[in-house]
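So you can see what is in the structure, the chains are spelled out below.
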Amino acid sequence: MKLVIDHVSKSYKGNVWGLKDFSLELGPGILGLLGPNGAGKSTLMRILATITRATEGTITWDGVDIAKSPDSIRSVLGYLPQDFGVYPNLNAVEFLEYMAAIKGVDGKAVKRRIDELLEVVNLADARSRPLGGYSGGMKQRIGIAQALLNDPGLLIVDEPTVGLDPEERVRFRNLLSDLSGDRIVILSTHIVSDVEAIASDIALINKGELLMHATPEDLLRSVEDKVWEWVVPGTALPDVKRQFLVSGTIRKSDGVQVRVVSDAQPVPKAGAVSPTLEDAYLRLISSHRGGSA
Ligand SMILES: Nc1ncnc2c1ncn2[C@@H]1O[C@H](COP(=O)(O)OP(=O)(O)OP(=O)(O)O)[C@@H](O)[C@H]1O
């Protein structure tokens, strides 16, 4: 099971590049595809799902070129797009039966598969309720269930936690983690905490380019001894933000505690603290923009 993305670029009308010379090799595990809005995440997902084509470069699934043989990847693909819409009048079972028919999933096994999936995504009790009454998190979970109908080797999930409350977010994250097993899962997001706990690798993307592909541990190491905290008066905050890469602020009784990512100690009273993935993400994105780090 191997997905190879080799020097892929995608240009849109008006000389906008959705992806630029993007290369990545993946095996089983969860890839967190992390990047700000407009970075090119959805473009990559849509090319992988064979909804659109790359302008340059090739993508192979187990050695087969997906542009030449789109069925090779479609047969193993599960896809939850960013703007996944449900049919509000169908209940969960009717919706999944409909999606199974569209995907050509075999008739006899379908009912059992739907029962299994409703258990997996924890919607068995809501199976007969119209989807129009589902919460955002429930809709995303039924979206995952439809993506799993064909037991996909490649599961692509585009910005799945947008609009979910914190509890739904955690539940969704745990569900993806349980599902990883022997498949390639690609989870795109601009929220670091979505991938922090579950990704086996992280790919950072910005302006269509791959900035880094590494394990979460390696990313953390990239900011070791580079994260600092100290307390400043509230009035000094704008200055600190101009001078340094601020990754967080906390109001305190004696001022504002600032968290800064900097190679050298920013001021004598700043103390070094343990880094997080958010710090590493900010540093890479900011240096790609040409900002201070
Ligand atoms: N159909 C299109 N026509 C023209 N430009 C496009 C089209 N789709 C995407 N783009 C542009 O390509 C770039 C990458 O967009 P893309 O949607 O892939 O990013 P993203 O990382 O998924 O962002 P978001 O999280 O905001 O969806 C952006 O500059 C975007 O404006």
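All figures in this text were calculated on a predicted structure; none of them were measured in a lab. (Residues numbered from 1 in each chain as written. Predicted model: local features only at pLDDT ≥ 70, side-chain atom pairs only at ≥ 80, totals over all residues.)

(A) Seen up close, the overall build of the protein chain. Looking only at helices and strands, one finds 10 helices and 14 strands in the protein chain. Referenced to the eigenvectors of the C-alpha coordinate spread, the extents of the protein chain come out at roughly 70 × 45 × 35 Å. Long-range pairs, those at least 24 residues apart, make up 68% of the contacts in the protein chain between residues at least 6 apart in sequence. (Helix = DSSP H or I, 4+ residues; strand = E, 2+ residues; numbered from the N terminus. Contact = placed C-beta atoms within 7 Å.)

(B) How the structure looks around the domain arrangement of the protein chain. As far as domains go, the protein chain holds domain 1 (3-215) and domain 2 (225-274). The centre of domain 1, based on its C-alpha atoms, is set 38 Å off from the matching centre of domain 2. (Domains from an automatic or database assignment.)

(C) Geometry of the site of the ligand. Neighbouring the ligand are 14 residues, the closest being Y12, N37, K41, S42 and T43. At the level of secondary structure, the elements contributing two or more residues to the shell around the ligand comprise β2 (16-26) and α1 (41-48). For the shell around the ligand, the element with the most residues is α1, which contributes 3 residues. In terms of residue class, the shell around the ligand is built from 3 nonpolar, 8 polar and 3 charged. (Near = placed C-beta within 6 Å. Nonpolar A, V, L, I, M, F, W, Y, C, P; charged D, E, K, R; others polar.)

(D) Quick peek at the pairing of strand β3 (residues 29-34). Of all the 6 residues making up β3, 5 are buried; the element is thus mostly covered by neighbouring parts of the structure. Two elements, β3 and strand β8 (residues 184-189), share 6 bridges in a ladder whose sense is parallel. Each residue of the ladder has a partner; that of G32, found in β8, is L187. Both β3 and strand β9 (residues 201-206) contribute to a ladder of 4 bridges, which runs parallel. (Buried ≥ 20, exposed ≤ 12 C-beta atoms within 10 Å, placed from the backbone. Pairing = 2+ DSSP bridges.)

(E) Spotlight on helix α10 (residues 277-289). A rise of 1.5 Å per residue sets the reference length of α10, with its 13 residues, at 18 Å; its end C-alpha atoms lie 18 Å apart and thus fit the reference within 8%. Three or more residues of α10 are buried, namely L277, D279, A280, Y281, L282, R283, L284 and I285. (Expected span 1.5 Å × (residues − 1).)

(F) Representation of the confidence of the model for the protein chain. On average, residues of the protein chain carry a pLDDT of 92, and 99% of them reach 70 or more. Prediction confidence for the complex, expressed as pTM and ipTM, is 0.89 and 0.95 respectively. (pLDDT = per-residue confidence, 0-100.)

(G) How the structure looks around the sheet that holds strand β6 (residues 77-80). Read across the open sheet, the 6 strands follow the order β6-β7-β8-β3-β9-β10; overall the sheet is mixed. Looking at strand neighbours, the two that pair on one side only are β6 and β10 (209-214), the edges of this open sheet. Going across the sheet, the axis of each strand differs from the next one's by a mean of 15°, ignoring polarity. The pairing of β6 with strand β7 (residues 154-158) spans 4 bridges and is parallel. Of the residues in β7, the one forming a bridge with G78 is L155. Against the sheet, helix α5 (residues 136-147) engages β6 and β7, with an angle of about 160° to β6. Running at roughly 30° to β9, α10 makes contact with β3, β9 and β10 of the sheet. (Axes fitted to C-alpha atoms, helices over the stretch in contact; angles between N-to-C directions.)

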